[in-house]
Amino acid sequence: MEKIIQVDQLRKEFKSFSSRSGLKGAFRDLFTRNYKVIPAVKDISFDINKGEMVGYIGENGAGKSTSIKMLTGILTPTSGIVTVNGMDPHKEREKFVKSIGVVFGQRSQLWWDIAVQESFRLLKKVYKVPDDVYKKHMNHVIESLDIAPLLDKPVRKLSLGQRMRCELAAALLHNPSLLFLDEPTIGLDVLVKLKIRNFLKEINEKYQTTVLLTTHDLTDIEALCERVIMLDEGQIIYDGKLSKLKSNWGEGKQIEFQFADVEISRMKLNPLLTELEAEWTRGDRQNVWVANVLNDEHVISEVIGRVVAAHKITDIKIHEISTEEIIRNIYEEGAINA
Ligand SMILES: Nc1ncnc2c1ncn2[C@@H]1O[C@H](COP(=O)(O)OP(=O)(O)OP(=O)(O)O)[C@@H](O)[C@H]1O
């Protein structure tokens, strides 16, 4: 299998300067600055093969952007090795940039005041895309993303959804073998999201384009990525199949009980789960408690049986754990064994 991204013991530290207080402090700051070292990415390693679509996820501050910036050559690592498309992203700049496509949700590749078409034309020159390749490939991109009616409009006149579709087209103009996407569907309505997802699936199938997708929208990940890499405090806490994550962590069910008794407490509830693989969490309303149990009929009926026998219940609901909840649980509990 051809490796498109190879990351070995990659680390990035930032120096954060603090100012001393008072006039004396300011004077001392002139000569020596106090600083502390913030390790944003702590010796992470992973490989990504050609044609993979990988979700790169983590909470705010987990180190996603910092690692993507090292992968795209914007930042130099403090230590470790990054090889992308066979190159050191920081060194062979020009050649490297031609081999990747980048969409960063907040930053635009397109020029604000000129027609989208003109931006495409300029980018075509920058990337030195031959006419015939451009025509064939871009006609397909323009059609799939349904942006033909937008081409003669200046970017500033486009809605966010329209702009994002044009951004994606711009990032793919040179048909790169690797695409970095950072929050590509943020703020978009459902139909535009679906269009973008379908398009990504299509180019992945057609050209075996490798995609690294960073997003807070887990439905994007579920729609597109078989594999997820999960970061927490600069370290990888899970790297594997999304399905495995779901079956290991999401196999449980949640049984939500509404109790008639206002005095209900964890102390009263805990004995009911003795010798069962289950635990209580407090619900989001008063008198509501949730039993998190294994997805096993026997366990579920046992829990319900015991609770109903011991307390007056006004409502019961059973629901499966969503990917979002699984991931939130993982963050709350810290590192897991993949
Ligand atoms: N230029 C910088 N100088 C100092 N610290 C930084 C710098 N850039 C990032 N950091 C710190 O490094 C850590 C990781 O940040 P990073 O932006 O990579 O996280 P993230 O996972 O991308 O978060 P988000 O989802 O908010 O974009 C954070 O603690 C952040 O404050």
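As recorded by an unreviewed UniProt entry, the protein carries the name ATP-binding cassette domain-containing protein and is attributed to Aquibacillus halophilus.

Draft legend 1. Here's a closer look at the site of the ligand. Lining the immediate surroundings of the ligand are Phe14, Ser16, Ile38, Ala40, Gly58, Asn60, Gly61, Ala62, Gly63, Lys64, Ser65 and Thr66. The set of elements that each furnish at least two residues to the shell around the ligand consists of strand E1 (3-18), strand E2 (34-49) and helix H2 (64-71). Split by residue class, the shell around the ligand holds 4 nonpolar, 7 polar and 1 charged.

Draft legend 2. How the structure looks around the domain arrangement of the protein. For the protein, the assigned domains are domain 1 (3-246) and domain 2 (251-320). Between the C-alpha centres of domain 1 and domain 2 there is a distance of 43 Å.

Draft legend 3. Quick look at unusual backbone geometry. For Gln208, which is not glycine, the phi dihedral falls at a positive 60°. When you line up the elements, Gln208 lands in the loop between helix H7 (190-207) and strand E7 (210-214). For Gln208, a count of 14 C-beta atoms within 10 Å corresponds to the partly exposed category. A positive phi angle is found at Asn287, which is not glycine, with a value near 65°. Tracing the backbone through its elements, the reader meets Asn287 in the loop between strand E11 (278-282) and strand E12 (288-293).

Draft legend 4. Seen up close, the environment of Thr281. Among the secondary structure elements, Thr281 is positioned in strand E11. In this structure the C-alpha to C-alpha distance between Thr281 and Ile300, which are 19 residues apart in sequence, comes to 16 Å. Among residues more than four places away in sequence, those in contact with Thr281 are Val290 and Asn292.

Draft legend 5. A look at the nonpolar core. Formed by 59 residues in total, the largest nonpolar core has its most connected members in Val54, Leu168, Ala169, Leu213, Cys225 and Val228. Ranked by residues supplied to this core, first place goes to helix H6 (residues 160-171) with 6 residues. In this structure, Val228 is in contact with Val54, Gly55, Ile57, Ile221, Tyr238, Leu242 and Leu245, ignoring residues within four places of it in sequence. In terms of nonpolar packing, the next biggest core, distinct from the first, is built from 8 residues, Ile255, Ala278, Trp289 and Val293 among them.

Draft legend 6. Structural view of the sheet that holds strand E3 (residues 53-58). Pairing within the open sheet is mixed, and its 6 strands lie in the order E5-E6-E7-E3-E8-E9. Where the open sheet ends on each side, the last strands, each with one partner, are strand E5 (100-104) and strand E9 (235-241). Across the sheet, the mean angle from the axis of one strand to that of its neighbour is 15°, orientation sign disregarded. With 5 bridges joining them, E3 and strand E8 (residues 227-232) adopt parallel strand pairing.

Draft legend 7. Summary view of the sheet that holds strand E4 (residues 79-84). The strand order E2-E1-E4 describes an open sheet built from 3 strands, whose pairing is antiparallel. Each edge of the open sheet carries a strand with a single partner, namely E2 and E4. The mean inter-strand angle of the sheet, taken between neighbouring strand axes irrespective of direction, is 25°. Pairing geometry for E1 and E2, over 12 bridges, is antiparallel. Paired with Gln6 across the strands is Asp47, a residue of E2. The strands touched by H2 are E1, E2 and E4; relative to E1, the strand with the most contacts, the crossing angle is about 120°.

Cut-off values and rules
Residues numbered from 1 in each chain as written. Predicted model: local features only at pLDDT ≥ 70, side-chain atom pairs only at ≥ 80, totals over all residues. Near = placed C-beta within 6 Å. Helix = DSSP H or I, 4+ residues; strand = E, 2+ residues; numbered from the N terminus. Nonpolar A, V, L, I, M, F, W, Y, C, P; charged D, E, K, R; others polar. Domains from an automatic or database assignment. Buried ≥ 20, exposed ≤ 12 C-beta atoms within 10 Å, placed from the backbone. Contact = placed C-beta atoms within 7 Å. Core = buried A, V, L, I, M, F, W, Y, C linked by C-beta atoms within 7 Å. Pairing = 2+ DSSP bridges. Axes fitted to C-alpha atoms, helices over the stretch in contact; angles between N-to-C directions.

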